[in-house]
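Each chain, letter by letter, is given below.
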Amino acid sequence: MRSWATEVEFLLPGGKRKVRPDGVWQAPEIGVPVLMVEVDRSTMTPADVAAKFPRYRELFRTRVRDNDPALADRESADRTVHWWRRTWPGHTRAGYPPVALVVTDAGPVALANRQEAVGELSAECWRGRWCREVRDYNDDGWREYDDAVPIIATTLELLAEHGPLGPIWWRFGRPGRHSLIEALENPNNRAAYDLRQAAREDEEHKAHQELMDSLACIDCGDVPEEESTWEYGRQGQVEWTRRPGGRCWPCHQDREERLEREAEEQLEAARTANALLRPCWTCRGSIGGKEGSKLELREKASPDRLECPQCEQDRAIKDLGALLLPAPTKREQVAALVSAPDDPWWEERVLHAKLYPVRGRRV
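My aim in this report is to walk through the structure given alongside it, one point at a time. What you see is a predicted model, and the numbers here were worked out from it, not measured in a lab.

1. Remarks on the overall build of the protein
Each helix and strand counted, the protein has 12 helices and 14 strands in total. For the protein, whose C-alpha radius of gyration is 47 Å, the value lies well above the compact-globule estimate of 21 Å for 363 residues. Along the three orthogonal principal directions, the C-alpha set of the protein runs to about 140 × 60 × 35 Å. Residue pairs at least 24 apart in sequence account for 51% of intrachain contacts in the protein once pairs closer than 6 positions are excluded. A total of about 22,800 Å² of accessible surface is found on the protein, and carbon and sulfur atoms cover 52% of it.

Laid out in structure tokens, this is it:
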């Protein structure tokens, strides 16, 4: 500890008003170039005690000319410095020199309430300026203390029991009791915000990476860097989105092309097979239907099929009922006993004749 002085007077700008702390403590060896001390014996109202701190801030705002030769070529406005920085160099924290409030001469509850009241009434001096980054898309922020007076408070009893370096100090705007050096650290500053923001970004990155891992392509295993949504095709523009258990865009395209080739191959095989079957009873065309039509069969027709898809649809639209083939004539039946009929529908005609008697049926 370098020095301790009491009843030191400082003139406010203009020279008519004074600031007179009860003590000025200097301990640069522990990182406290200067600490103003106010002792409150509970004889003043909390409002009167709180009224002292705006005067401290007015005092600390005073700037004087800096005579450093290295600044000789600068403009006059750029050659000023806060007088307290020149008087007590070594300040590393944002804000003005700290002020300690030591309360005494009352019970523990009364002293605690008194500190709370003084803190609330003097908040404009110590709270600092609220700032936030709009680009971070959150309601969080931090406080800048460049124009704030750090105020710490304790009781005379705690000070006598633990000494000035003990965990006895309550920093206005910060919960709990701390050691002197900890209490002087500005609460909720930009560094604290940066830590919170970094934690949020880590969580977002982790969640994003988990999502991306879930979007790994089931074919090639590729993990994307970001979600992808594509529109493709000139007709209808089908939307494609990469989803869990899905494929990447190249594999998606390869699969679509493969399925398209397989469908074409299946269609060609069906056309070839259907061309070898008996034709449609109604139109006498391929039983698979007109090539390239919407109703064309994509697979080989079943053996009992009698009409192509188009004729079946037309029959349903016209409400013609089920197709019944004409029953074999007696002459055809006799001829069938000698040789196989040259009629691709012969077996179905015979079957229909057994299932549906000729009398009363509509062909």
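Let's pick the thread back up.
2. Digging into the sheet that holds strand E1 (residues 3-6)
Taken in spatial order, the six strands make up an open sheet running E1-E4-E5-E8-E11-E12, and their pairing is mixed. Among the strands making up the open sheet, the edge pair consists of E1 and strand E12 (170-171). Pairing analysis gives five bridges linking strand E8 (residues 99-103) to strand E11 (residues 151-155), with the strands arranged parallel. Residue pairing across strands places alanine 100 opposite isoleucine 152, the latter belonging to E11. Sheet contacts for helix H2 (residues 52-60): strand E5 (32-40), E8 and E11; angle to E5, the most-contacted strand, approximately 155 degrees.

3. As for the pairing of E5
Burial within E5 is extensive, with eight of its nine residues counted as buried. Pairing of strand E4 (residues 23-27) with E5, which is carried by four bridges, proceeds in the antiparallel orientation. Its bridge partner being in E5, glycine 23 is matched across the sheet by valine 37. Two successive antiparallel strands, E4 and E5, enclose a turn made up of four residues, where glycine 31 displays a positive phi of approximately 90 degrees. Two elements, E5 and E8, share five bridges in a ladder whose sense is parallel.

4. Quick notes on the pattern of salt bridges
In this structure the tally under the stated criterion is 25 salt bridges. The partner of glutamate 185 in a salt bridge is arginine 93, with the nearest N and O atoms 3.5 Å apart. Pair noted here: glutamate 185 is in the loop between helix H7 (180-184) and helix H8 (190-214) and arginine 93 is in the loop between helix H3 (83-87) and E8, with a separation of 92 residues, a long-range link. Ionic pairing is found between aspartate 219 and arginine 247, a salt bridge with its closest N-O pair at 2.8 Å. Here arginine 247 lies in the loop between strand E14 (238-241) and helix H9 (249-275) and aspartate 219 lies in the loop between H8 and strand E13 (229-232), a separation of 28 residues in the sequence.

5. Some remarks on the side chain of glutamate 296
Relative to the helices and strands, glutamate 296 is located in the loop between H9 and helix H10 (309-317). A relative accessible area of 5% places glutamate 296 in the buried class. For glutamate 296, the side chain forms a polar contact with the side chain of arginine 271, separated by 2.6 Å. Those residues in contact with glutamate 296, other than ones at most four positions away along the chain, are Leu267, Arg271, Gly288, Gly289, Lys290 and Glu291.

6. Topic: a negative patch on the surface
On the surface, Glu201, Asp202, Glu203, Glu204, Glu210 and Asp213 cluster together into a negatively charged patch. Among the secondary structure elements, glutamate 203 is positioned in helix H8. On the basis of relative accessible area, glutamate 203 is assigned to the exposed category, the value being 52%.

7. What to know about the nonpolar core
In terms of nonpolar packing, the biggest core is built from 29 residues, with Met36, Phe60, Trp88 and Phe172 touching the most fellow members. Put simply, the parts of the chain that give this core at least two residues each are E5, helix H1 (46-50), H2, H3, E8, helix H4 (108-121), helix H5 (123-126) and E11. Of all the elements, H2 adds the most residues to this core, at four residues. Counting 13 residues, the second-largest nonpolar core is a separate cluster that includes Val102, Trp169, Leu180 and Ala183.

Conventions and cut-offs
The residue numbers shown here count from 1 along each chain, following its written sequence. Per-residue local features are limited, in this predicted model, to residues with pLDDT of at least 70; the limit for side-chain atom pairs, both in listing and counting, is 80 or more; totals at the level of whole chains, interfaces and linings are taken over all residues. Side-chain figures throughout are based on the complete set of non-hydrogen atoms in the structure, without hydrogens or water. By the criteria applied, helices consist of DSSP H or I runs no shorter than four residues and strands consist of E runs no shorter than two, each listed in order from the N terminus. Note on method: radius of gyration uses C-alpha positions; expected globular size equals 2.2 Å times residues raised to 0.38. By definition, residues are in contact when any of their heavy atoms lie within 4.5 Å. Reported accessibility uses the Shrake-Rupley method at a 1.4 Å probe radius. Residues are deemed covered only where the shown protein chains occlude them. Should DSSP find at least two bridges between two strands, the strands are regarded as paired. Only the stretch in contact is used when fitting a helix axis, every axis being a line fitted to C-alpha atoms; angles between N-to-C directions are given from 0 to 180 degrees. We call a residue buried when its accessible area falls under 20% of the maximum for its residue type, exposed when it is over 50%, and partly exposed in between, using a 1.4 Å probe and counting protein chains only. The rule for a salt bridge is simple: a side-chain nitrogen of Lys or Arg has to be within 4 Å of a carboxyl oxygen of Asp or Glu. Polar contacts here mean pairs of N or O atoms no more than 3.5 Å apart (in protein, one a potential hydrogen donor and the other a potential acceptor; neighbouring residues in sequence count only if both atoms are side-chain atoms). Patch membership requires more than 30% relative accessible area and the absence of a salt bridge. Residues of like charge join within 9 Å; the nonpolar side chains Val, Leu, Ile, Met, Phe, Trp and Tyr join within 5 Å. Note that His is not counted, nor are the chain ends; the positive residues are Lys and Arg, and the negative ones are Asp and Glu. In this description, the location of a charge corresponds to atom NZ of lysine, CZ of arginine, CG of aspartate or CD of glutamate. The nonpolar core is taken to be a set of buried Ala, Val, Leu, Ile, Met, Phe, Trp, Tyr and Cys residues, with the residues joined through side-chain atoms within 4.5 Å.

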